[in-house]
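A look at the structure
For reference, the chains in residue letters:
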Amino acid sequence: MISDLSPQTRRDLLTMIGRAGGGLAMYQAMTALGHAAETQFSGPPALSGARAGASVLVLGAGLAGMLAAYELTKAGYKVQVLEYQDRPGGRNYSVRGGDKIVEVGGATQNVTYQPGNYLNPGPWRIPHHHRTLLHYCKAFGVELEPFIQLNHNAMVHRKDAFGGKPQRYKELAVDFTGHVSELLGKSLNAGALDTSVSKEDKEKLIAALREWGALDGDLKFTSNLNVSSRRGYDRAPGGGVNGAPTPSKINGLSDVLSSHVWTQMSFYFNYVMQTTMFQPKGGMDMIGKGFYKQIAKLVRLNTKVTAIKQDDKGVAATWTDTVTGKTGVATADYMVCTLPATILAQLDIQVSDAKKSAIKAIPYSGQVKIGLEMKSRFWEEKYSIYGGHSFTDQAIGLISYPNYDFFKDKPAVLLGAFANGAGGYMLAGMTPEKRIEAALAQGSVFHPEEYRREFMNGASVAWSRMPWILGCCGMWTEESRATHYQNLVSMDGRIVLAGEHASYYGCWMEGALLSSLDAITRLHQRALAA
Amino acid sequence: MNEPIMPMTKRDLLSMIGTAAGASAMYMAMSSMDQAKASNFQGPPKLEGGKGASVLILGAGVAGMTAALELSRAGYKVQVLEYNDRVGGRSWTLQGGDTYTELGGATQTCQFAPGNYINPGPWRIPWHHHGLIHYCHELGIGLEPFMQVNYNAYVHNTKAFGGKPQRYRHIQADFYGHVGELLAKSVNAGALAQTVSKEDGEILLEALRSWGALDRNMRYVKGAASSGRRGYDKEPGGGLSAVPEPSEPIDVQTLLRSGLWRSIGGNLQWDHLSTIFQPVGGMGQVAKGFERAVGHMVRKNSKVTAIHQDEKGVTVSYKDTKSGAAMTASADYCLCTIPLPVLAQIEMNVSPELDAAIRAVPYSTSVKVGLEFKRRFWEQDDQIYGGITYTDLPNSQISYPSSRYGDKGPGVLLGCYVGGAAGYELTAGTPAQRVEKVLEWGSQIHPQYRAEFMNGVSVAWHRVPFTLGCFGSWTEASRAEHYKNLCRFDGRILLAGEHASYYGGWQEGGITSAIDAITRLHQRVIAG
């Protein structure tokens, strides 16, 4: 049996002792390892010395807007923030029991999740290299816990593969790796790559393929205990007289290919999806609340901006209070506008034609997330799935299992859909009730006995129908970037834009924060130079 | 830029709508998925009617305490003798204030700050260790995720890259990329036409492009695709100067010769797959959970000196290690979970076959060294949050704590986890020498080591008095000859523990072995 030890076993005692003595001097001289490549974030901006009485109006109390308010205040500016909604955070948002979701068109959902349960309709995971966000989480005391991104025991489903029966990710991934290794080994041995790979490298590569692909002595990928020690067994090893394991049967190449499992493998390999990932304890909105605590007194909620003007003296935003109907005008020397481009495109805003074109050039994606509350954590109890995602090629895209309250005997909310593209539009076009029904019908493919039986209630957020944004996030193309990006982010008179749409980290909180830092740094330079 | 959404893009709206309505009936009719494969733990044993028979259990580790819990529930009279002054055996956590004396007399007092710890023995719990997870749940032992795979941790070979550690993500992305490119080249050249059908070949090329992050020409080169995996020279950012700069992949020759691809294999092992857990507060919480349920049956500080059986029952002689008093305990049956190196030194009247089996299993060595540092520099400087760095240096790995992320410190990391020859070498030194060696090695990966170091503690398992080794190392040959004899009922004595399982070195082996043993014991009792 595989022991709980490191994979390195063939260590030579003698060479090791030599190494321990000899190599040291060199390493001692090594400079600290280079960390510069990790991010464009190099600590909070050191802005200071704002001119006395200089003021900035910030539109939008999402992360970009609140960060701008926080740092500009520290730098000495007088800041006011206008926010359309009755809460701060924008897309940094968690839906809980007692919340009400009102869509464009009027459909209203009253959420009935149990206390402690939630759905993160927008951002839900934080890569370890999103250092700006991690920095402010720490600064504002937002506690993080691991987000289980990669779960080898979750499932992969494709209608046209395995007769529509979901497979465990680990089995397909191991089989894919094994077949790829066997085929490449065969090509190498047949001399098919002799012009590309030297003889020495060929031998090394074959050794690597044997080990990494779990191939047998003949470089074949077959059903045996070694392969089972990767993909799992038919009968797992156990204790006592009948403890011996029996191997599981591998899938053939054609079946593995039909599953498109590489799609999921590629997904997990993505730099932004790599472990370790985090989530805030208690819901994503803990981050928004952390920011808000710092600057709450600067924010006017329930305030809808209707026009944005500027001249050589300053900026002015006309607003309407959405509760009282009262109207007003807020003025300042400068403006940081973080309104989503979808909303901004509908406003009367006094900026250059180039910026207007840029604002109108970014379509927004239309993701839909559905949170289903279930009576029990059957995915853990019966399927041994603790966090992570099961993927499907149906409209729901995936279901994702909660990464908090593991093992608890109480109702839990799982993510019943994270749809985008056509699937997103299809679900967004349904009534909230029909979305839940579709999520139950499609998600049942993974957990057929339990899904409907354990279902209690559900809530959905169709981003294209959220009145304050009308989409999920900005979808740049290479072409639109080339034509419009610099125009979008450049300072236009006294106005600068910020938000995830004004970054190369679109759809991520990190993009919003980096964009905001870049914008206020330039604003500050301009203000000092003026 | 990548967005936080799923990778499926070529979806056909029409076919999808059809699916949503039409196919659901089919899925509903599908039978539930086969869950049996994941483990041979089928729930706790259903033993009933123990008839008041008595069982003496030797050893209050996880195997012994599982047996005590289930046998007492079934109506047996249970007594447990434990050598240590604590329960748990190898399921153990060292924290500040703990004192540990090893064979030879060296005593260490752990100086860690409150909340810091190391687990000298088991430290992680795979999702498919159903037996252990069952008892954790039942006994109220909180579990939290153990970070097994961390793409941002290092892999390190002193003989490659001038001894400079590489990020795991670089090695994995580049290895997959080169393998993808080479296989695509073979497929395109028709080298596999005999093996792979034309249709599969086309799908395979699509797969390799995506999986290997190849470009349009099926090459693994510097660019958006490869940097989307391995990371950038300059990260994407916000505002005016946001454009990312791609990083340069390592060429195939350098990569292969570095041998570092080997370090990405460990995470593909069944026992290391995610999701994987650790108890909140240390592995010793498992021991504490069991103790809450069976602690009243356990007599600690009791060193077994002889085990004698006859047709009537079993009598065990033991010594109270505090008072020195010689005592005996008797019962109808004996379940012995004492590790084999210790058991081999205890006088016991069993069959020659069992006696031979007990002596046939050498124990692997293993050394763990925990180091406490003033701050969590691996997080603050290196952006490594949990996970494991692998090195060819004798310390073998550095594992970063999977809890209290972002804490200011002090923090404890596992500076060494090594078996084999390097383990014996390190075991030979004094605790202070071990810590010094581990600092010396680790400094080559984290130059911050010396400046931030506070204190360290080590457990070298061959010097642990209660096991004299880490766990049983079976070979195919020794299994064939001795395993059944080791597990078989011998008169009134049965053995259990990880050594009596095919899950050697894991707590799950101890638990499934105990359940197998007491199930057979119960059958014997019922059969009268």
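Conventions we followed
All residue numbers refer to position in the chain's written sequence, counted from 1. Here the convention is simple: chains get letters from A, ligands get numbers from 1, in the order in which they are written. Confidence filtering applies because this is a predicted model: local features only for residues at pLDDT of at least 70, side-chain atom pairs given and counted only at 80 or more, and all residues used for totals across whole chains, interfaces and linings. Calculation of side-chain values draws on the structure's entire complement of heavy atoms; hydrogens and water are dropped beforehand. Each helix is a run of H or I in the DSSP string that is no shorter than four residues. Each strand is a run of E no shorter than two, and both are numbered from the N terminus. Type-normalised accessible area, obtained with a 1.4 Å probe on protein chains alone, sets the label of each residue: buried when under 20%, exposed when over 50%, and partly exposed for intermediate values. Should any heavy atoms of two residues lie within 4.5 Å, those residues are counted as being in contact. Counted charges follow a simple rule, with Lys and Arg positive, Asp and Glu negative, and His plus the chain ends left uncounted. Charge coordinates come from a single atom per side chain, which is NZ of Lys, CZ of Arg, CG of Asp or CD of Glu. For every accessible area listed, the method is Shrake-Rupley and the probe measures 1.4 Å; residues are considered covered only by the protein chains on display. A pair of strands is treated as paired once DSSP finds two or more bridges between them. Take the accessible area each of two parts loses on contact, using a 1.4 Å probe, and add the two losses: that sum is the buried area. Salt bridges, as used here, are contacts in which a Lys or Arg side-chain nitrogen is within 4 Å of a carboxyl oxygen on Asp or Glu. Any N or O atom pair separated by 3.5 Å or less is treated as a polar contact, with the protein-specific requirement of one donor-capable and one acceptor-capable atom, and with residues adjacent in sequence counted only for side-chain atom pairs. Only Asp, Glu, Lys and Arg are considered charged, only Ala, Val, Leu, Ile, Met, Phe, Trp, Tyr, Cys and Pro nonpolar, and every remaining residue, Gly among them, polar. For every element, the axis is a line fit to its C-alpha atoms; helices are fit only across the contacting stretch, and the angle between N-to-C directions ranges from 0 to 180 degrees. Throughout this description, any angle smaller than 35 degrees is read as roughly parallel, any larger than 145 degrees as roughly antiparallel, any in the 65 to 115 degree range as roughly perpendicular, and the remainder as oblique. Helix crossings fall into two classes, left-handed where the near helix is turned counterclockwise from the far one by less than a right angle and right-handed where it is turned clockwise. Residue-level confidence of the predictor is summarised by pLDDT, bounded by 0 at the bottom and 100 at the top. Side-chain rings of Phe, Tyr and Trp (the six-membered ring for Trp) are treated as a pair once their centres are within 6.5 Å; stacked means planes under 30 degrees apart, edge-to-face means over 60, and tilted covers the remaining angles. The disulfide criterion used throughout: a pair of cysteine sulfur atoms within 2.5 Å.

**Notes on the overall build of chain A**
- Each helix and strand in chain A was counted, giving 18 helices and 25 strands.
- If you line up chain A on its principal axes, its C-alpha atoms span 80 × 65 × 45 Å.
- Every one of the 530 residues in chain A was classed for burial, and the buried ones make up 66%.
- Pairs at least 24 residues apart make up 69% of the contacts formed inside chain A by residues separated by at least 6 positions.
- Taking the average place of the 55 positive charges on the side chains of chain A and the average place of its 47 negative ones, the gap between the two points comes to 4 Å.

**Thoughts on the overall build of chain B**
- Helix and strand counts for chain B stand at 16 helices and 27 strands.
- Projecting the C-alpha coordinates of chain B onto the three principal axes gives extents of approximately 80 × 65 × 40 Å.
- Counting across all 528 residues of chain B, residues that qualify as buried make up 64%.
- Here the analysis covers contacts within chain B between residues at least 6 apart in sequence; of these, 69% occur between residues at least 24 apart.
- By element, 52% of the accessible surface of chain B is carried by carbon and sulfur atoms, the whole surface being about 18,400 Å².
- Taken together, the 50 basic and 48 acidic charged side chains of chain B have centroids lying 2 Å from each other.

**Re the sheet that holds strand S8 (residues 143-145) of chain B**
Residues and elements named next belong to chain B.
- With antiparallel pairing, three strands are arranged side by side in an open sheet as S7-S13-S8. A single partner strand is all that each edge strand has here, and the edge strands are strand S7 (125-126) and S8.
- With three bridges joining them, S8 and strand S13 (residues 276-279) adopt antiparallel strand pairing. For Leu-143, the partnering residue across the bridge sits in S13 and is Pro-279.

**Side note on the interface of chain A and chain B**
- Taken residue by residue, the interface counts 153 residues in chain A and 152 residues in chain B.
- When chain A packs against chain B, close to 13,700 Å² is buried across both sides, 62% of that on carbon and sulfur atoms.
- Viewed at the interface, chain B and chain A are joined by three salt bridges.
- Put simply, Arg-262 of chain B and Glu-211 of chain A hold a salt bridge, and the shortest N to O gap is 2.7 Å.
- Taken together, chain A and chain B are joined by 37 residue pairs in polar contact (both at pLDDT 80 or more).
- Of the residues in the side of chain A that touches chain B, the class split is 74 nonpolar, 51 polar and 28 charged.

**Description of the pattern of salt bridges**
- Using the criterion set out here, one finds 43 salt bridges over all chains in the structure.
- Between Lys-408 of chain A and Asp-405 of chain A there is a salt bridge, with its nearest N and O atoms 3.7 Å apart.
- Assessed through its relative accessible area of 41%, Lys-408 of chain A is described here as partly exposed.
- The closest approach of N and O atoms between Arg-230 of chain B and Asp-174 of chain B, which form a salt bridge, is 2.8 Å. Taken as a pair, Arg-230 of chain B in helix H6 (residues 224-230) and Asp-174 of chain B in helix H4 (residues 168-188) lie far apart in primary sequence, 56 residues in all. Each member of the pair Arg-230 of chain B and Asp-174 of chain B is classed as buried.
- When salt bridges with common partners are traced through the structure, they connect Glu-200, Asp-201 and Lys-204 of chain A together with Arg-257 of chain B into a single cluster.

**A closer look at the packing of H4 of chain B against helix H5 (residues 198-212) of chain B**
Residues and elements named next belong to chain B.
- Contact geometry for H4 and H5: axes closest at 9 Å, N-to-C directions at 160°. Classified by the angle their axes make, H4 and H5 are roughly antiparallel. As H4 runs across H5, the sense of the crossing is left-handed. Within the contact between the two elements, H4 uses Tyr-176, Gly-177, Val-179, Gly-180, Leu-183, Ala-184, Val-187 and Asn-188 and H5 uses Gly-201, Leu-204, Leu-205, Leu-208, Trp-211 and Gly-212.
- The residue makeup of the contact of H4 with H5, split by class, is nine nonpolar, five polar and no charged.

**Considering the side chain of Thr-276 of chain A**
- With respect to the helices, strands and loops of the structure, Thr-276 of chain A is situated in the loop between helix H9 (261-269) and strand S13 (277-280).
- Given a relative accessible area of 0%, Thr-276 of chain A falls into the buried group.
- Polar contacts involving the side chain of Thr-276 of chain A include one to the side chain of Asn-150 of chain B, which spans 3.3 Å.
- At 2.7 Å, the side chain of Thr-276 of chain A forms a polar contact with the backbone oxygen of Tyr-385 of chain B.
- Sequence-distant contacts of Thr-276 of chain A, defined by excluding residues within four places in its chain, comprise Ile-126, Pro-127 and His-128 of chain A together with Met-147, Asn-150 and Tyr-385 of chain B.

**So, the confidence of the model for chain A**
- Taken as a whole, chain A shows an average pLDDT of 92; of its residues, 92% reach a score of 70 or greater.
- Taken together, the stretch residues 1-38 of chain A has pLDDT below 50 and engages in 95 contacts with residues farther than four places along the chain or on a different chain.

**Considering the packing of aromatic side chains**
- What the rule picks out here adds up to 56 aromatic pairs over all chains.
- Taking the centre distance of 5.2 Å and the plane angle of 80° together, the rings of Tyr-169 of chain A and Tyr-268 of chain A count as edge-to-face. Of this pair, Tyr-169 of chain A sits in helix H5 (residues 169-189) while Tyr-268 of chain A sits in helix H9, and the two are 99 residues apart along the sequence. The pair formed by Tyr-169 of chain A and Tyr-268 of chain A is uniform in burial state, with each residue classed as buried.
- Measuring from ring centre to ring centre gives 5.4 Å for Tyr-151 of chain B and Tyr-168 of chain B, while their planes differ by 85°; the resulting arrangement is edge-to-face.

**Some points on helix H3 (residues 130-138) of chain B**
- Every buried residue of H3 of chain B is listed here: His-130, Gly-131, Leu-132, Ile-133, Tyr-135 and Cys-136 of chain B.
- Phi turns positive one or two residues past the end of H3 of chain B, at Gly-140 of chain B, with a value near 70°.

**Overview of the state of the cysteines**
All names here are of chain A.
- Evaluated as defined, the whole model comprises one disulfide over all chains.
- Across the disulfide from Cys-473 sits Cys-507; the S-S distance is 2.0 Å. Its S-S torsion of about 85° marks the bond between Cys-473 and Cys-507 as right-handed, since a negative value means left-handed. Of the two residues, Cys-473 is situated in the loop between strand S24 (455-462) and helix H17 (478-489) and Cys-507 in the loop between strand S25 (495-497) and helix H18 (509-529); the sequence distance between them amounts to 34 residues.
- You can call Cys-507 buried: its relative accessible area is 12%.

**Quick notes on the sheet that holds strand S16 (residues 315-321) of chain A**
Residues and elements named next belong to chain A.
- Taking strand neighbours across the sheet as the criterion, the four strands line up as S17-S16-S15-S19 in an open arrangement whose pairing is mixed. Of all the strands in the sheet, the pair left with one neighbour each is strand S17 (327-332) and strand S19 (348-349).
- Here two bridges tie strand S15 (residues 303-310) to S19, and the two strands are oriented parallel to one another. Residue pairing in the sheet places Ala-307 in a bridge with Asp-348 of S19.

**Concerning the packing of helix H10 (residues 352-359) of chain B against helix H15 (residues 476-487) of chain B**
All names here are of chain B.
- Contact geometry for H10 and H15: axes closest at 8 Å, N-to-C directions at 115°. For the crossing formed where H10 meets H15, the hand is left-handed. Of the residues in H15, those touching H10 at Glu-353, Leu-354, Ala-356, Ala-357 and Ile-358 are His-482, Asn-485 and Leu-486.
- For the contact of H10 with H15, the class distribution of residues is five nonpolar, two polar and one charged.

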